[in-house]
Amino acid sequence: MQVFDSPAEDTMSNTLVFFVNGRKVTEENVDPEWTLLTYLRKNLRLTGAKLGCGEGGCGACTVMLSRYDHERLITRHYSVNACLTPVASVHGLAVTTVEGIGSIKDGLHAVQDRLAKAHGSQCGFCTPGIVMSMYVLLRNKNLPSMDDIVQHLTGNLCRCTGYRAILDGFSSFTGDFSTRVCSAGVNCCRVKKGSRRPFQNVEARSHLTVYGTKENVENGKEVFIQNGCGNSMQNGSECIDQISHNKTILYSNRNVGEKWRHGNPLINHDDELKNAQNRDPNQSLIQNGGGTASQNGYEGYGCANQNGYDVVPNGRKKFNSEQRVTDQNGHGITDKKYGGNSHQNGHGMVQEGDGDIAQNGHENLVEKGYGYIKENRFKDVRSPYGENKSRLFTETNGNISNVSQKIIENSLKENVKMEGKSSNVISWTPYDPTQEIIFPPELKIMSKRLDRQMLEFQGKRVAYYRPVFFENLLDLKDRFPHAKIIVGNTEVGVEVAFKKQHYPILINPTRIPQFTASEVLESGVRVGAAVTLTELQGFLMQIVNSHPPHLTKNYSALLEMLKWFAGQQIRNTASIGGNIMTSSPVSDLNPIFVAAGVTLTFAKLGGKREVVMDEKFFTGYRTNTAQPNEVLTSIFIPHSKQDEFIRTYKQSRRRNDDIAIVNAAFKVEIHPETCVLSNMKLAFGGMAAKTLTTPRTMKELIGCKWDETLLEKGLDLLLEDLPLNASAPGGMVEYRRTLTLSFFFKFYLGVREWLTKRTPRLKTLLSPVDLSVDVGSDSHSGGYRGSSQRFSQGSGIKEDKYPVGQPFVHASAFKHTSGEAVYVDDMPHREDELHAALVVSSHANARILRIDETPVLKMEGVHAFFSAKDLPGDRNMMGCLLRDEEIFASQEAPCVGQVIGIVVADDQATARLAASKVSVLYESISSPIITIEDAISNKSWWGPWVILKGNLDEGFKQAEHILEGEMRMGGQEHFYMEPNAHIAVPKGEDGEMEIFTSSQVPTSTQMQVAKSLSVPANRIAVRIKRLGGAFGGKESRPLCISVPLALAASKLQRPVRITLDRQEDMLITAGRHPFLCRWKVGFTSEGRFTALQVNLYSNAGCAYDVSGPVMHKAMFSIDNAYMHENIQITGYVCKTHLPSNTAMRGFGAPQAAMFAEEIASQVATFLRTDPVLVRERNMYKSGNVTHINHTLEHCTIHRCWTQVIHQSKYNVRAMAVMEFNKENSYRKRGLSVTPAKCGVAFDRILNQAGALVQIYTDSSVLITHGGVEMGQGLHTKMIQVAANVLKVNPENIHISETATDKVPNTSPTAASISSDIYGMAIANACNELNRRLKPYVTLNAKGQWKDWIRAAYADRVSLSATGFYRIDEVTDYDFEKQSGQPFHYYTNGAAVTEVEIDCLTGDHTILRTDIVIDLGNSLNPAIDIGQVEGAFLQGAGLVTLEELRYSPEGSLLTRGPGAYKIPGFQDIPQEFHVSLLEGAPNPFAIYSSKAVGEPPLLLATSVFQAIKAAVGAARAEQNLSLVFRLDSPATAERIRMACRGHILEKLNKKMVSEATSTENPWSVTV
Ligand SMILES: Cc1cc2nc3c(=O)[nH]c(=O)nc-3n(C[C@H](O)[C@H](O)[C@H](O)COP(=O)(O)OP(=O)(O)OC[C@H]3O[C@@H](n4cnc5c(N)ncnc54)[C@H](O)[C@@H]3O)c2cc1C
Ligand code: FES
Ligand code: FES
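Quick notes on the rules
- Residues numbered from 1 in each chain as written.
- Chains lettered and ligands numbered in written order.
- Predicted model: local features only at pLDDT ≥ 70, side-chain atom pairs only at ≥ 80, totals over all residues.
- Heavy atoms only, no water.
- Helix = DSSP H or I, 4+ residues; strand = E, 2+ residues; numbered from the N terminus.
- Buried < 20%, exposed > 50% of the residue type's maximum accessible area, 1.4 Å probe, protein only.
- Contact = heavy atoms within 4.5 Å.
- Expected span 1.5 Å × (residues − 1).
- Near = heavy atom within 4 Å.
- Polar contact = N/O pair within 3.5 Å; in protein donor to acceptor, adjacent residues only side chain to side chain.
- Areas by Shrake-Rupley, 256 points an atom, 1.4 Å probe, with all protein chains shown as cover.
- Nonpolar A, V, L, I, M, F, W, Y, C, P; charged D, E, K, R; others polar.
- Pairing = 2+ DSSP bridges.
- Axes fitted to C-alpha atoms, helices over the stretch in contact; angles between N-to-C directions.
- Phe/Tyr/Trp six-rings, centres within 6.5 Å; stacked < 30°, edge-to-face > 60°.
- Lys NZ or Arg CZ within 6 Å of the ring centre and 35° of its normal.
- Parallel < 35°, antiparallel > 145°, perpendicular 65-115°, else oblique.
- Left-handed = near helix turned anticlockwise from the far one by under 90°.
- Core = buried A, V, L, I, M, F, W, Y, C linked by side-chain atoms within 4.5 Å.

Below, the discussion takes up the overall build of the protein chain. Of regular secondary structure, the protein chain possesses 42 helices and 60 strands. Across the 1566 residues of the protein chain, 67% fall into the buried class. Partitioning the contacts of the protein chain with sequence separation of at least 6, the portion at a separation of at least 24 is 75%.

Structure follows, in structure tokens:
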């Protein structure tokens, strides 16, 4: 029995007191409806934390809370989702935001610095949240493991990067980072006798960034740059899988032989490369990994890293105090005051202290202290180009001048010689846990008092109480029985924000000891109801570690489940009591509690009672037997018994941070000798409106022996006990029923294993099931094992192209990680600014009978409501091609989500509330057309368009075989992390207006706003600083939002702002088109295609938007990489009553590639031949003519293909996969290789670009161009281009924004083509400036940039120039004439992917992906590799996890990250290798580069085909047909159902006998 003292004061306070980033904040009577995020962003103007979803699902809002624990005298730090944390709940806590840990001005924290340098940010919107999650982990564990890191990041999403770079960056903080042995195994210098001692500090080799620079390697030499382990490599030996490619720079972050493999991040610098050039004539090894290296012919005794110089043969030198050494690798100075070891490749290391330093080519290492380097390289590198000026572009030099090529070359050579490296300065900020910011001392003193204060805050609509006495709480609950208890607010917060619940009274019990204490009792443990899940984890772990295992099985089961429960931030705040009391049917804990038989203690004024939690506790959907005036105070969990066995199961759509589709907890008690079942509890979630048990099954199995008879009986009984109606909410009826049986089957085998381990002789007794048979993974498995990134810039990028081709970090990377990057909603509020919210239709294909806004206009704070009546006639029409869309629905609502009106109010909350109260009366017109099939039967389409090449009939006649099939590919939500945000600011005269918008097409916003407001376009200036991702979703659809906003601002003549919440953004803006493909292919017995006929149908939704061009691109791309002599493609754009689908990364090509690969696979399967052969037989070669009459020049598909097959060891692994599949029945692997050819160009007219380059007299350069920076690194590349053409230091160049008043008539930033066209436009402008400067350069050849600028200015020469570029070769395709050239060139690639599936649950894991892609001479390999990885993972999401579900009435059911799952940290390939094809300059684009944004997405076909191969292996074992249909996405549901098996047979028989109706499904496939 615990005795609680009375720690509280009997004082009531209405003042909220907390600290933010060390500063005290006090707020009188704070509004309880405010979240911490709103408070930080609006009141404190701390906009680093972002609003990505508002429902705890994305982590963009992550901040750290710290609480001083007076009992234990320690400070507890934990991450939370600020979007769900009521600000009222942080009384007495310290809040740390991303701004609080570091800034560009005051110095970045190591987490911020390393993430930026690891290229871990693209659009940067997710980045502050990711930084904070990692930061909190480090505050709690300063040498975390990789598993810790992944676990702590499960609550964070990123849509851009593909996560690899983030993980590699953060791997530098891991405990084992400095001691791993590389793949050289025993030859690794770290394990060799006499080797240097292990590094004692990770910073000793913290060379994070990663990519290489120019390659200066002579013919025939090899250069490897390895990030893998930082250990020794001898010349010619290969660290990574013996990979060897001429002139290939290899970056590998892989470390073989350990569970977690990653490498030391690295730096590669020109000097090293140059050194490499000068060294051993055979091969050069450059290793940056960890600073221990063996050398050309020398063994690294210690930690030398030698590049081509044999000065330090043993890699170790002792230096005397004050000795100055200049013999390191040809460069640099080591200044060592106290002796020690110093090994340096290159430059300017200054060390004080005694220790080993391995340094790769960089300067300014400052060290004080013993044994290891604390401060490595750059103290403070904030510019992406580095601050150290002593390189190619020095401060004094200011530029490499020259307009005169000769001068350039000389100057360049001279600089390279002198400085030996580029300005791509990369190093780490060291991490020193002792230097972390401290808990505010004032708060430490105050917090005891603050913790004991009773709080009461009275808001406009909500009152908030925080009692500190148990009795007060009971009294409050008695007075207000319907008051909501809130602890973590993770459930209540979501209900309020998205289910429009209103709870007028909130009571927080977290300062009452009875609710937060946990104790161990003789027969179990008692846990306070307000104990958080993280606290519960810690507590249970202690018990498990300190008690005999037979007592702790219930706790272990809970711990297993908690691993898969939400993300870290949610676990840190969500309470055990909150989970129970929510009584969700998919609660992960309740099935375990029921199975374990926990007892709940409820209290109310005047008494308490105990309730055993069994099936009777739950009374319906989210209801239980608790009385309104009762509170749950604690949960008693019993110890387990010797003869008990308990297991839990959870299947969700995504591995992590996802609620269950079905979960279960099973417990049995079995006699150890007789194997007879004496007790059983089976509890299921996800099978009804509440947690269920299966009384009949349990009753009938008790008394049976645990053998196969019991198994079969159990399966049959479960089918009876767990029926599911065809229209059950959540859908997936068959799958869910299958899962219940699969879980039971797994449990059955698990129990057998346990029994036979306990009593080995039972092994024979319990046969016949073969116990060696695997049972599929009991829970999701995963874990990132490592990666490599390889590129070679070949001969194309010569020194005179510098800095083009350099792997600079993103120009905003440091702003991303410090939270200083400004997005639209981060912009300061103007004094008279108002807020808007949209009213959207809740019906599809409905007549609008009446809109009644009158009550809303009477609401306090509401200013106006605008609708179609305010935009008469054509002003209300929009559409990029057809103008067939109404901005405000006037008479009819074509879809759910159509904008009907806009409400303007003082603040966002009022505007949203008011919008929800505008009453609209609808009348159904007719049943809406929702699916493609509906549209086909109603002949509701645009088109069809036809492409015909050759003679189809003839082709089919030549065919030895003909196959026909159908495949569907679902749509995809863009899920850019920054929801739509726009601000319209009227200028007060001449109809002028400025619009700050998150659009990727500034000109369309400008033109449409001008048209709708009836002003000329020259009055509207659209400005875009950056976007938090777009992926095509911010092309045309934002007009639905920005035009109503502009109207409101114009009418009210006040600035108006709108930011959509995630759910409405997803509803209104729609996404990628779902496609249906009906195909018929003729082929020979060798697998050569003779004829292909394809009908493509896309679901366009209710408006045309860009659906025609999307279909056309699909038709142009249907060949993917294969030659077809006779082909006919017909494209139908189906018009339905869904929100209009739109552009999305790939623009029809991913669907086409998917179908092309499916057809190739089906042919191979039919012929029972290797799919590789069928693909190779039909693969394009240079000179082939495509079905749209495009002659392929410089076709590199085959090169990518052969290289990826070779590099991935495809053939060896294919054998291994076969072996694996032979040995495993319920887990199968699949391996596939697929090529991709992606056409690059806009429609003819859009292939044009403008730029403006301005030089100021202080010699700085400002560039504006028509492209929008949305994470793809466009501005960074453009700076590189301009720096090269002008020959100025890139640090001198700035890009501020994209603005229609600076560069007019912009094309969309889309189609992957922006670098091509804006690069050329900028080069054009820079060349013009060079031409004007030439006389001054010639006159003063020894002068500098600033001299020439001043001279030109003094001479009254214009220092600004516009640039323009257009692509002439591209023409629109004429379907009548069957002619045209819609593509400029193609980006090609190939990928090998291996997956493993669990045949019982449908879960999948991507084990490894290798990609080889041709990006010509990459403008920036770091950025390009980031694009490849990000696009690939987005594609992997498209073909596996991301499933949009619509109700039969056309309402999107999967809104927000809770319902729609994009890949998370644990969904990336466990091994991920990306290589850029070398030596393939592209003659068609700037600096011989190629477009990168979209093409890699097509390579995700390899994931789908690998899954299909694995499913095929499962089917082969059952002698089922291998020609089978699997639609995309290959969700767990689809994979499981396609695997079939005896469980499914059982279910099918049962369903036939039940005559289960298929009417009224919960969702339909559109
Ligand atoms: C992003 C996200 C992911 C999630 N993932 C999962 C998941 O994987 N698995 C899962 O099971 N759940 C999940 N949840 C649901 C949720 O986190 C849990 O149910 C959580 O345990 C609720 O705890 P809380 O303290 O936040 O509850 P609150 O939101 O504070 O309260 C929830 C309900 O419980 C009541 N309540 C709380 N404490 C008491 C008490 N002592 N006495 C009486 N009533 C009380 C409240 O009045 C309220 O009705 C997720 C939620 C989010 C937002
Ligand atoms: S905004 Fe808070 S988790 Fe997404
Ligand atoms: S960088 Fe992560 S969402 Fe854009």
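Next comes the rest of the account.
Let us look at helix α4 (residues 127-140). In this model α4 runs 20 Å from its N-terminal to its C-terminal C-alpha over 14 residues, within 8% of the 20 Å that 1.5 Å per residue would give. Burial analysis of α4 places 13 of its 14 residues in the buried class, the great majority of the element.

Mapped onto the fold, K1080 is located in strand β49 (residues 1075-1083). According to the relative accessible area criterion, K1080 is partly exposed, its value standing at 25%. Counting along the chain gives 79 residues from K1080 to I1159, while the straight-line C-alpha distance between them is 8.7 Å. Aside from chain neighbours lying at most four places away, what touches K1080 is F956, I962, L963, E964, A1091, L1092 and Q1093.

This part is about the side chain of T47. Residue placement: T47 occurs in the loop between α1 (36-43) and β4 (62-69). Discounting residues that sit within four places of it in the chain, T47 has contacts with R41, E99 and D826.

Surrounding ligand 1, one finds 33 residues, the nearest of these being K484, I485, V487, T490 and S575. At 2.9 Å, a backbone N or O of V492 approaches an oxygen atom of ligand 1. Between ligand 1 and D588 there is a distance of 2.8 Å, counted from an oxygen atom to a backbone nitrogen or oxygen. In the complex, 92% of the free accessible area of ligand 1, which totals 980 Å², lies under the protein chains. Secondary-structure elements contributing two or more residues to the shell around ligand 1 are β19 (484-485), α11 (492-498), α16 (576-582) and β27 (631-638). The greatest single-element share of the shell around ligand 1, amounting to four residues, is contributed by α16. A class-by-class count of the residues in the shell around ligand 1 yields 17 nonpolar, nine polar and seven charged.

As a further point, take the pairing of strand β33 (residues 834-840). Within β33, six of the seven residues are buried, which leaves it mostly tucked inside the rest of the structure. Bridge count between β33 and strand β47 (residues 1056-1059): two bridges; the pairing is parallel. When the bridges of β47 are listed, L834 appears paired with V1056. Sheet topology places β33 next to strand β39 (residues 899-905); six bridges connect them, and they run antiparallel. Pairing of A836 across the sheet is with V904, part of β39.

Okay, the sheet that holds strand β24 (residues 607-612) next. With respect to topology, five strands assemble into an open sheet ordered β21-β22-β27-β23-β24, the strand pairing being antiparallel. Edge strands, defined here as strands with exactly one partner in the open sheet, are β21 (518-520) and β24. The mean inter-strand angle of the sheet, taken between neighbouring strand axes irrespective of direction, is 20°. Both strand β22 (residues 524-528) and β27 contribute to a ladder of five bridges, which runs antiparallel.

Along the chain, H843 turns up in the loop between β33 and β34 (846-852). In this structure H843 comes out as partly exposed when scored by relative accessible area, which is 39%. Residues H843 and E892, 49 residues apart in the sequence, show an inter-C-alpha distance of 9.8 Å. H843 has contacts with A893, C895, V896 and Y922, leaving out every residue within four places of it along the chain.

So, on to helix α35 (residues 1274-1286). Along its 13 residues, α35 runs 18 Å from first to last C-alpha, staying within 8% of the 18 Å computed at 1.5 Å per residue. Buried residues dominate α35, accounting for 13 of its 13 residues. A positive phi of about 60° marks K1287, the residue just after α35.

The full count for this structure, using the stated rule, is 37 aromatic pairs. Geometrically, the ring pair formed by F1075 and F1155 is tilted, given 6.5 Å between the ring centres and 40° between the ring planes. Of this pair, F1075 sits in strand β49 while F1155 sits in helix α31 (residues 1149-1167), and the two are 80 residues apart along the sequence. We classify F1075 as buried; its relative accessible area is 0%. These aromatic residues form a ring-pair network of at least three members: F645, Y649, F666, F684, W706, F743, F744, F747, Y748 and W754. Seen from the ring of Y976, K1034 lies directly overhead, with NZ or CZ sitting 4.3 Å from the centre. Directly above the aromatic system of F1524 lies the positively charged group of K1508, at a separation of 4.8 Å from the ring centroid.

Along the chain, G943 connects to P944 via a cis peptide bond; the corresponding omega equals 5°. As for its position among the elements, P944 is in strand β41 (residues 941-949). Omega for the bond connecting S1528 with P1529 falls within 30 degrees of zero, at 5°, which places this linkage in the cis form. Looking at the secondary structure, you find P1529 in the loop between α40 (1501-1517) and α41 (1532-1539). The backbone of N21 shows a phi angle near 50°, a positive value even though the residue is not glycine. Note on placement: N21 falls in the loop between β2 (15-20) and β3 (23-28). Owing to a relative accessible area of 25%, N21 belongs among the partly exposed residues under this scheme. The backbone of A566 shows a phi angle near 45°, a positive value even though the residue is not glycine. Residue class for A566 comes out buried when judged on its relative accessible area of 14%.

So, on to the packing of α35 against helix α36 (residues 1314-1339). Closest axis-to-axis distance for the α35/α36 pair is 9 Å, and the angle between their directions is 30°. Between α35 and α36, the angle is such that the two are roughly parallel. Handedness of the crossing formed by α35 with α36: right-handed. Touching L1274, K1277, M1278, V1281, A1282, V1285 and L1286 of α35 are S1314, S1315, Y1318, G1319, I1322, A1323, C1326, N1327, L1329 and N1330, all from α36. Classifying every residue of the contact of α35 with α36 gives 11 nonpolar, five polar and one charged.

The next subject is the nonpolar core. Membership of the largest hydrophobic core comes to 162 residues, with the highest contact counts inside it found for F170 and L1096. With 10 residues, the single largest contributor to this core is α31. Leaving out residues up to four positions away in the same chain, L1096 has contacts with F1075, L1076, C1077, M1111, A1114, M1115, I1118, I1129, T1130, G1131, Y1132 and F1155. Counting residues in each nonpolar core, the second largest holds 88 residues, with V87, I505, L506 and F565 among its members.

Below, the discussion takes up the pairing of strand β53 (residues 1248-1255). In terms of burial, β53 is largely enclosed, as seven of its eight residues are buried. Of the strand pairs in this sheet, β53 and strand β57 (residues 1360-1366) are connected by seven bridges, and their pairing is antiparallel. Within β57, the residue paired with Q1254 across the bridge is S1360. Where β53 meets strand β54 (residues 1261-1265), five bridges bridge the pair, whose relative direction is antiparallel. Its bridge partner being in β54, Q1254 is matched across the sheet by L1262.

Helix α37 (residues 1345-1354) packs onto α36 with a crossing angle of 115° between their chain directions and a minimal axis gap of 9 Å. When the axes of α36 and α37 are compared, the pair comes out roughly perpendicular. Remark: the crossing between α36 and α37 carries right-handed chirality. Judged by residue contacts, L1333, Y1336 and V1337 of α36 engage W1345, W1348, I1349, A1351 and A1352 from α37.

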